[in-house]
Each structure stands twice: as C-alpha cells, then as structure tokens.
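Report on the structure
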Amino acid sequence: MYVAVKGGEKAIRNAHRLLAHKRRGDSARPGLSVAQIREQMFLGVARVMCEGALHDAELAALALKQAAGDTVEAIFLLRAYRATLPRFCASLPLDTGAMRIERRISATYKDIPGGQQLGATFDYTHRLLDFDLLAEQEAPPPPESVPAPTEACPHIMALLAREGLVGQERKAADDESAPDITREPLAFPASRAERLQILARGDEGFLLALAYSTQRGYGRNHPFAGEIRVGKVDVWLEAEELGFCVPAGEIEVSECEMVNQFVGSRKTPPQFTRGYGLVFGSAERKAMVMALVDRALRAGEYGEDASAPAQQEEFVLAHCDSVEAAGFLSHLKLPHYVDFQSELGLVRKLRREQARTGAQEAEKEVAALETAP
Amino acid sequence: MNAARAGKAPRSGKMLPGYNFAYLDEESKRMIRRGLLKAVAIPGFQIPFGGREMPLPYGWGTGGIQVTASIITPEDVLKVIDQGADDTTNAVSIRQFFERVAGIASTTRTREATIIQTRHRIPETPLASGQIMVFQVPIPEPLRFIEPSETETATLHALGDYGIMHVKLYEDIVRHGHIATCYAYPVEVNGRYVMDPSPIPRFDNPKLHMSPALMLFGAGREKRLYALPPHTAVVSLDFEDHPFAIQRPEAACAICGSTESYLDELIVDDAGARRYVCSDTDYCQRRAEARGEARGEAS
C-alpha cells in the first residue's frame, strides 16, 4: 500500500551509487584526470569558473568531471562550494589596461595602437569534423610563432573617450565599496555594479538569446565590437596594516567593450554609448553577450523606451541565473501529491456541479418541449 | 524553555568534518537570525536576506534549510516532512543533511520534535508552545502571479492595497462558482499584510490561526524570510457571501480510518481504483497503533 513513498532512503543511496558507476564508465579504460580536463577542455572549464563565480581551474575541472560533463551541474557544484568560503576583502579594481594580452581585436578600427592579435580562436576555422582526432595521435605541431604577450595597450574606448565621442562612466568614490550580490539581497532597481555581477554569473545561453534578440530588433542598440581582449591580469590587494598594495596572483579574463548607438540632446553633444562585459577565462562569446545585455539594460539611463525583454531589468536579472533556474525547474520532479490532490478534488467537484446543472437544464428543455403545444 | 526543548534527546553526534555546525558559517547564521527577528517583529512582511547557495538545488527547500541551519542547536530534535510524510525522498535527504552537518537527533514524531521543517503540509497533530515550524517557500510573493514586478508588489504591500487579490478571488467565483485556489491560499496576517502561507493545501490554513508554535518561512531562491509569531491572527481571504471553507475529505483513511485528516489518493490497480491514506504519515501511524492496541485489549 505504501510502496510508492516508502523506501526513499535506500533508493537514494542506490541512485548515488548507480550514478557514480555510470559516471566512471568502462573501468577497463583509464579514468579522465582532472588535469586532462583542465588543459584539454579549458573552454568548458572557463565557463564553469565564470558562471560558478570562482576563479579556480582545478576545482572547475573537478566539478566538470564529477558532473559527467553537465555544465550546469558543474556550475552548481562550484557555486555551492564557493558559498562556504570566507571573504577576507575585496581586491582593487582590475587594471585590464595593463593586461598581458593573448588576443585582442577591434571591429571599429583597421589599425589600433598595440595592434590586433588573433590569438587562439575558432574564428576563421572551417567547421569540418577532424577525423584525425578520432585516433590516438601525436601532439599537433607547435604554432609557427608564439607572439609575445602584448603589454599594456590603451583601451580603444579610452581613445574615443579622450575625444568626448563616448560618454564617461561614473567613477566610484574612493570610500565606495563594491556591492556583493552573493551576500546582500538584490533590490530593484539594481545598481550597474550589481547588474554586471549578475550578468557575469548569468547563464550564457539565456544571455546569448537576449543579446541576439536586441540584434534582431527587440531593443536594438546598434552595437560595434569596439574591443575584445583576452589575457592575464594581476589581482592586487590593499594590505591595510602594511599601508601598501600587494599582488595576490594573476587571473585570465576576457573583456568586451561594445560601442553602441549614439545619443545626444540640445544640451549634450552626440556621443556613443557603451556596454561592458568581463568574465573569467577565455570566454569571449560570454563577454560579448554580457556587453550587449548590459547596454540594453541601460535603456532607462538614456531615456529609451524599455519595452523589449532584454531591456527589462527585473525580467533579465531575476531569470538569468542557471543555478536558480535549473533548481526551480528540477523541483517539479519532487512529489506534489498534496497540491495536486487539492486541485483534483476541486476539479471533480466542479465537474459534478456542472453535470448536475447540465442535467437540470436538459430536463427543463425536455419539459419545455413536452408542454409546448 | 518548554518541555520539548528542555528534554534531553540522544544525539547521533557524528558530524561532517570540515564544515561548521549546521553547515552555514556563524556570520551567515547571524545574518539570517537578524532577518528572522525582523520577520517576527512584522508578522507576514517579507524580509529580504542574503541567501546563500546551499549544496541542495534551489526549489528543493534551500530557504527552509537555511532557516533551520541558523536556528538549530545541538539539543534540538528535528522532524522533516515533505507532503506530510517523513519518508518521501526529499524529506529523507534534508533530514540526512542535518544529521551529517549538525549531528542532531531526528524524529518522525510530531510531539517529540522541537523544529519541524516542512514542505506543503502542517502536521495534523496539534502543535505545542515552543515548537518551531519551518516552511519551505517557492514563491513568497502572494501577488506574484497577478503582478509579476517586484517593484509594483512592494508598493502594493506598503499601501496595503490588496484590491487585485480580491478581484482575482472574485473572478474565480464568477468563473467557477468557487474560489479556485486550493493551495497557497492567501491569508491576511494580524490585520495588515497579505501573506502566502507556502503551497500548503487550504485544508491547513486554519492551523495557522493563533497557533501556539512559531512559524518561520524561508524562500531561498527568492531570498525572502517571513514569520508568524505564536498566537497571531491569520485570516484566509474571503467574501461575506462566499466564506472561506476547507475541502473536506470525501473518504476515510484506508490505514487508520481517520475522516479528519488530509488524504492522499492512491491508484491501486490498472482500472484506476482509488484508495485514500493520510498524507501525514506520523499521525496515521500513531492512530493505527492506537487502534491496534485497542483491538488487542478488546480480544
């Protein structure tokens, strides 16, 4: 009688064992090492670090291994771990102008100070399956030249800003601390800093679709890829008791600055606007969509009509987190007997009432026909 | 201190190494307790809190888990139910979580528990003073499905403007002849805030009114806390000519024979034959035992 709901404890335990067994696969083959994932699946690792909001390639690779390659699950694992870590302090703002650049392109200028650098990219590859990779093979030949990382190039946006062609961003006051969306609940309207934090952790697929929708006319904002740069930057901490700053290490980031639709009024001369994206690791698609959605969400700031989905702050920010979204989706698999039962009861009652009134009306009709002359 | 809380309960004692007692760090617990104090001070009002990411998925009780984690002490005895039952998979999982990270004692008996974390039910056994109910809440905003914008609903709460909710209930009556909200039935708390009691069936709503137990509500994904202090007036919304009524069970429990409790429907054969059993497994078991004893004495 109670079979349906009893035995949960044992069933859960066995489900875990089954999963572990399936994840490992055929034990005759060597198991995947975390180092292999970290090095050979580095783009997947970057996505997990970025949306997991923790810059740790080793742990992100571990999460991917444990999640059997399910990115959203791996992101969840890393987030849950991250939540238990103590927070010592906030770093100084990253100086991406001093980035040791591995890739840098601008779609707005043919030649830029510091030069364009393609780096490692899928762009310009023909998407043909490489069947050679099916077989065990030797390492591919090294690149013809390994360009030395370009040091400290000015941002393209800075060049535009010098001419006043693009609006200046508000500079944080010295005593202004960065908000932390993982510690403080979000209230709408959110500040731009909070918005960017949420977008950086947001699901790439969801943000890609929103960014794409702006390109197709739902909140169009005429973007140009002003600059995309990928490389390593130093993280600096201010040691209060020492009175000076110390480097805590370097991280890889992707940064995108979009040059968007110009605005102007009788008082302010026309100038371009911008959207900004910054994410962990080599993840320029994410950086680009983040920049587009950031710009879309600035609609209010520029007095634009905010009617498209990508321009609606509450809609975008409340739904872009894959951990929240996937969690709430998966809860549909939990039992809902109680609520379903209450609706079942009501629907049966309504049907009975309807059948009764229907029968009465039919009787009335028959009676009316019989009494009719 | 009440009897239930003061009672010495055996602890399982084994705790997961590397984690703080009850998983959350003390700073986070303090933040949540501050939110809970505020929630108790303003019954039915939603307090935003800095919800943490838990190792269980959002939507699986992370709000309730954070509330329990921040109030639980080593002496507490925890009961966890999902759909009224102690042995549904998620209730088992959450109970095991606290056994692992807090090493606390757990129970399935409503009377023995000092903290009862629940999803979608309030136990049939009357609660006692000193007990704490912790509700898992998916959508804390009672107006959400009428007005999706949080900026708007916050204003409506501030103004005490609940017209849209009454219109919704009125439209139900016009369309169906009844208020068609069967669970998460909105209540007015202490004559002020309209509150979502979490998706408990409206059968359970009367148990909220003037309850001697403290009721805490946690919504993890939505990052909101709210509370009903003991002995708070909780009124289910209705109209003079359509007074609030609970759905009475249409059958008796096939195990314990109760005609008073909320029943789950079981389909027992391919032809769709139905039987009903209590959703509250502890209540059902106690009654079945008592019946067995009575029968034993009689023979």
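Residues numbered from 1 in each chain as written. Chains lettered and ligands numbered in written order. Predicted model: local features only at pLDDT ≥ 70, side-chain atom pairs only at ≥ 80, totals over all residues. Heavy atoms only, no water.

Nonpolar side chains in soluble globular proteins generally cluster together in the buried interior. Phe 98 and Leu 216 of chain B are the most contacted members of the largest nonpolar core, which totals 33 residues. Sort the elements by how many residues they give to this core and helix 4 (residues 89-102) of chain B lands first, with six residues. Phe 98 of chain B has contacts with Ile 65, Thr 68, Ala 69, Leu 78, Gly 103, Ile 104 and Gln 117 of chain B, leaving out every residue within four places of it along the chain. Counting residues in hydrophobic clusters, the runner-up holds 30 residues, among them Ile 181, Ala 225, Ala 291 and Val 293 of chain A. (Core = buried A, V, L, I, M, F, W, Y, C linked by side-chain atoms within 4.5 Å. Buried < 20%, exposed > 50% of the residue type's maximum accessible area, 1.4 Å probe, protein only. Helix = DSSP H or I, 4+ residues; strand = E, 2+ residues; numbered from the N terminus. Contact = heavy atoms within 4.5 Å.)

With that settled, the discussion passes to the sheet that holds strand 2 (residues 77-82) of chain B. Residues and elements named next belong to chain B. In spatial order, the strands read 1-9-8-5-4-2-3; together these seven strands make up an open sheet with mixed pairing. The sheet is open, and its two borders are formed by strand 1 (47-48) and strand 3 (105-106), each paired with just one other strand. Strand direction decides the pairing type here: strand 8 (residues 214-219) and strand 9 (residues 224-228), joined by five bridges, are antiparallel. Note that in strand 9 the partner of Gly 218 across the bridge is Leu 225. (Pairing = 2+ DSSP bridges.)

All names here are of chain B. Here the domain parsing of chain B yields domain 1 (3-143 + 181-236) and domain 2 (248-299). For domain 1 versus domain 2, the separation of C-alpha centres amounts to 27 Å. Taken together, the contact between domain 1 and domain 2 spans 15 residues of the former and 11 residues of the latter. Carbon and sulfur atoms supply 47% of the area that domain 1 and domain 2 bury against each other, a total of about 1000 Å² over both sides. When residues of domain 1 are sorted by the area they lose upon contact with domain 2, Arg 109, Glu 124 and Phe 203 head the list and together hold 45% of the total. In this structure, the connection of domain 1 to domain 2 is made through zero salt bridges. For the interface between domain 1 and domain 2, the tally reads seven residue pairs in polar contact (both at pLDDT 80 or more). In the side of domain 1 that touches domain 2, the residues fall into four nonpolar, five polar and six charged. (Domains from an automatic or database assignment. Buried area = accessible area lost by both parts, 1.4 Å probe. Salt bridge = Lys/Arg side-chain N within 4 Å of Asp/Glu carboxyl O. Polar contact = N/O pair within 3.5 Å; in protein donor to acceptor, adjacent residues only side chain to side chain. Nonpolar A, V, L, I, M, F, W, Y, C, P; charged D, E, K, R; others polar.)

Right, let's get into the domain arrangement of chain A. Residues and elements named next belong to chain A. Domain annotation of chain A identifies domain 1 (8-82) and domain 2 (96-131 + 143-320). A separation of 29 Å is found between the C-alpha centroids of domain 1 and domain 2. Every contact between the two is made by 11 residues of domain 1 and, on the other side, 15 residues of domain 2. Regarding the contact of domain 1 and domain 2, the summed buried area is about 1100 Å², with carbon and sulfur atoms giving 58% of it. Considering only the surface of domain 1 that becomes buried against domain 2, Cys 50, Glu 51 and His 55 emerge as the three largest contributors, covering 44% of it.

Inspection of the entire model under this criterion finds eight aromatic pairs over all chains. When the ring of Tyr 23 of chain B is compared with that of Phe 97 of chain B, the centres are 5.5 Å apart and the planes differ by 55°; the resulting orientation is tilted. Of this pair, Tyr 23 of chain B sits in the loop between helix 1 (3-6) and helix 2 (26-41) while Phe 97 of chain B sits in helix 4, and the two are 74 residues apart along the sequence. This pair shows no difference in class: Tyr 23 of chain B is buried, exactly as Phe 97 of chain B is. Here the aromatic rings of Phe 97 of chain B and Phe 98 of chain B are separated by 5.3 Å at their centres, their planes lie at 75°, and the arrangement is edge-to-face. The buried category is assigned to Phe 97 of chain B, whose relative accessible area is 10%. In textbook terms, an aromatic cluster arises when at least three aromatic residues are bridged by ring pairs, as seen for Tyr 19, Tyr 23, Phe 97 and Phe 98 of chain B. The ring of Phe 328 of chain A carries the charged tip of Arg 221 of chain B above its face, separated from the ring centre by 3.6 Å. (Phe/Tyr/Trp six-rings, centres within 6.5 Å; stacked < 30°, edge-to-face > 60°. Lys NZ or Arg CZ within 6 Å of the ring centre and 35° of its normal.)

With that out of the way, let us pick up the interface of chain A and chain B. Residue-level contacts link 42 residues of chain A with 61 residues of chain B. When the two sides are added together, the surface that chain A and chain B hide from each other amounts to roughly 4400 Å², 57% of it contributed by carbon and sulfur. Our enumeration of links across chain A and chain B arrives at 21 residue pairs in polar contact (both at pLDDT 80 or more). Elements with a contribution of two residues or more to the side of chain A that touches chain B: helix 1 (8-24), helix 5 (71-82), helix 11 (322-330) and helix 12 (337-371) of chain A. When residues of the side of chain A that touches chain B are assigned to their parent elements, the largest contribution, 14 residues, is made by helix 12 of chain A.

Our next topic: the confidence of the model for chain A. With 96% of its residues at a pLDDT of 70 or more, chain A has an overall mean of 89. Scored below 50 in pLDDT, residues 1-5 of chain A shows 13 contacts in the model against residues more than four places distant or in partner chains. (pLDDT = per-residue confidence, 0-100.)

Moving on, we get to the packing of helix 7 (residues 192-201) of chain A against helix 9 (residues 284-296) of chain A. Residue and element names in this part refer to chain A. It is the contact of helix 7 with helix 9, at a shortest axis distance of 10 Å, that shows an interaxial angle of 145°. Between helix 7 and helix 9 lies a crossing whose hand is right-handed. Where helix 7 approaches helix 9, its residues Arg 192, Arg 195, Leu 196, Leu 199, Ala 200 and Arg 201 are matched on the opposing element by Lys 286, Met 290, Val 293 and Asp 294. Tallied by class, the residues present in the contact of helix 7 with helix 9 amount to five nonpolar, no polar and five charged. (Axes fitted to C-alpha atoms, helices over the stretch in contact; angles between N-to-C directions. Left-handed = near helix turned anticlockwise from the far one by under 90°.)

In total, this model carries 44 salt bridges over all chains according to the counting rule given. A salt bridge links Glu 58 of chain A to Arg 38 of chain A; the shortest N-O distance between them is 3.3 Å. Placement of Glu 58 of chain A in helix 4 (residues 57-66) and of Arg 38 of chain A in helix 2 (residues 34-40) is noted, with a sequence separation of 20 residues between them. According to the relative accessible area criterion, Glu 58 of chain A is partly exposed, its value standing at 43%. Arg 144 of chain B is the partner of Glu 150 of chain B in a salt bridge, and the nearest nitrogen-oxygen pair spans 3.4 Å.

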